[in-house]
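Next come the chains, spelled out residue by residue.
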Amino acid sequence: MSDFEGLKALVTGGASGIGRATAELLAARGAQVAVLDLDPEGVEKPLLGYRADVTDDESVRRAVAAAVADLGGLDVLINNAGIGAQGTVEDNDDEAWHRVMDVNVVGMVRTARAALPHLRKSSHAAIVNTCSIAATAGLPQRALYSASKGAVLSLTLAMAADHVREGIRVNCVNPGTVDTPWVGRLLDAAPDPAAERTALEARQPTGRLVSAGEVAGAIAYLASPLSGATTGTALAVDGGMQGLRLRPA
Ligand code: NAD
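Residues numbered from 1 in each chain as written. Predicted model: local features only at pLDDT ≥ 70, side-chain atom pairs only at ≥ 80, totals over all residues.

Here we look at the environment of V11
Inspection of the secondary structure puts V11 in strand β1 (residues 8-12). V11 sits 26 residues away from D37 along the chain, and the two C-alpha atoms are 8.5 Å apart. Apart from residues lying up to four places away in sequence, V11 is in contact with G19, T22, A23, V33, V35, I78 and N80. (Helix = DSSP H or I, 4+ residues; strand = E, 2+ residues; numbered from the N terminus. Contact = placed C-beta atoms within 7 Å.)

Here's what the structure looks like:
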């Protein structure tokens, strides 16, 4: 498959988990890929690594400009960098709210702002935002995280409308529980990580967690010309978590 042959892509949060799997998949399918991350140390060739903090507008501008110069243009932006937060509205103070919204929402705005002038020059321009089923599911103990992903969903739709006539498609993926270092850290914090993992798997309709590669596949589809008529959509990659209503076994 050569759907990405000649395309130039930028993946934020591409040094770990979903972002890393996406960067590797796009590169394997022929794209030239730049990774923007807080910690790009482990990013290896053919991927290009750039250090930036999505909460720092100047560092985002600098990294995007450097990446676009090295790639020789930009066709695809994968807005994926994000952090988690647990608890109810009473468990997180203003500082925590500002921090998570700054990374998860405004971070995507900053990279989009820096990337849009370059995407306008592409004939296959696409933005894919990593959202979450938390945007629409009403998950317990995830008030702050869910609000941030709800904003990502709305941002995706609004941007899709704003840029459709410029030929720039904007979509998002809504992953369920994905087996990434992030989820590993959450499990490791439990008193019995192995038992917690088994319980988490049992709560999935499929009986297993989603893999980072499976989310990468959905992102790659939305980023590729294969989905050329698709914009303003959210693609669930959640092992049936939201859509299925299974009877108890
Ligand atoms: P991860 O922690 O494995 O990777 C996140 C990457 O983002 C890391 O490389 C980190 O360095 C980078 N990053 C974090 N803050 C940054 C910042 N301020 N500036 C630049 N880079 C930064 O996490 P993951 O599980 O791969 O999650 C990636 C995305 O997927 C996030 O947006 C997350 O909300 C979303 N998501 C994850 C799951 C899941 O179950 N893992 C489910 C739904 C959605």
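As for the site of the ligand
In the vicinity of the ligand lie 29 residues, with G13, S16, G17, G82 and T180 positioned nearest. Listed by contribution, the elements that provide at least two residues to the shell around the ligand are α1 (17-28), α3 (94-119) and α6 (181-188). Residue composition of the shell around the ligand, grouped by class: 13 nonpolar, 13 polar and three charged. (Near = placed C-beta within 6 Å. Nonpolar A, V, L, I, M, F, W, Y, C, P; charged D, E, K, R; others polar.)

A word on the environment of A85
Relative to the helices and strands, A85 is located in the loop between β4 (76-79) and α3. A85 sits in the buried class, given 21 other C-beta atoms within 10 Å. Between the alpha carbons of A85 and A96 there is a distance of 8.3 Å; along the sequence they are 11 residues apart. Apart from residues no more than four positions distant in its own chain, A85 is found in contact with N92, A96, V100, L144 and Y145. (Buried ≥ 20, exposed ≤ 12 C-beta atoms within 10 Å, placed from the backbone.)

Focus: unusual backbone geometry
The amide bond that connects K45 to the next residue, P46, takes the cis arrangement and shows omega of 10°. Mapped onto the fold, P46 is located in the loop between β2 (32-37) and β3 (48-51). Even without being a glycine, Q141 presents a positive backbone phi close to 60°. If you trace the backbone, Q141 turns up in the loop between α4 (134-137) and α5 (143-163). A count of 12 C-beta atoms within 10 Å places Q141 in the exposed class.

Brief notes about the packing of helix α2 (residues 57-71) against α3
Axis separation between α2 and α3 bottoms out at 9 Å; the angle between their running directions is 35°. You can see that α2 and α3 cross each other, and the crossing is right-handed. Contact residues: D57, V60, R61, V64 and V68 in α2; R110, T111, A114, A115 and H118 in α3. (Axes fitted to C-alpha atoms, helices over the stretch in contact; angles between N-to-C directions. Left-handed = near helix turned anticlockwise from the far one by under 90°.)

Section: the pairing of β4
The alternating pattern of β4 places V76 and I78 on one face and L77 and N79 on the opposite face, and all of these are buried. As paired elements, β1 and β4 share three bridges and run parallel to each other. By the bridge assignment for β4, A9 is matched with V76. Sheet topology note: the β4/strand β5 (residues 126-130) ladder contains four bridges and is parallel. Directly across from V76, in β5, lies its bridge partner A126. (Pairing = 2+ DSSP bridges.)

Some thoughts on the UniProt feature "domain: Ketoreductase" (unreviewed entry) in the chain
According to UniProt, the "domain: Ketoreductase" (unreviewed entry) feature falls on residues 7-181. The span residues 7-181 is 45% helix and 19% strand, and its two end C-alpha atoms sit 28 Å from each other. (UniProt positions renumbered as here; feature names shortened; annotations may be inferred.)

Examining α1
Under the 1.5 Å per step criterion, the end-to-end length of α1 is 17 Å for 12 residues, consistent within 8% with the ideal 16 Å. Within α1, 10 of the 12 residues are buried, which leaves it mostly tucked inside the rest of the structure. When we look at burial in α1, the residues that qualify are G17, I18, G19, R20, A21, T22, A23, E24, L25 and L26. A positive backbone phi angle near 110° is found at G30, which sits one or two residues after α1. (Expected span 1.5 Å × (residues − 1).)

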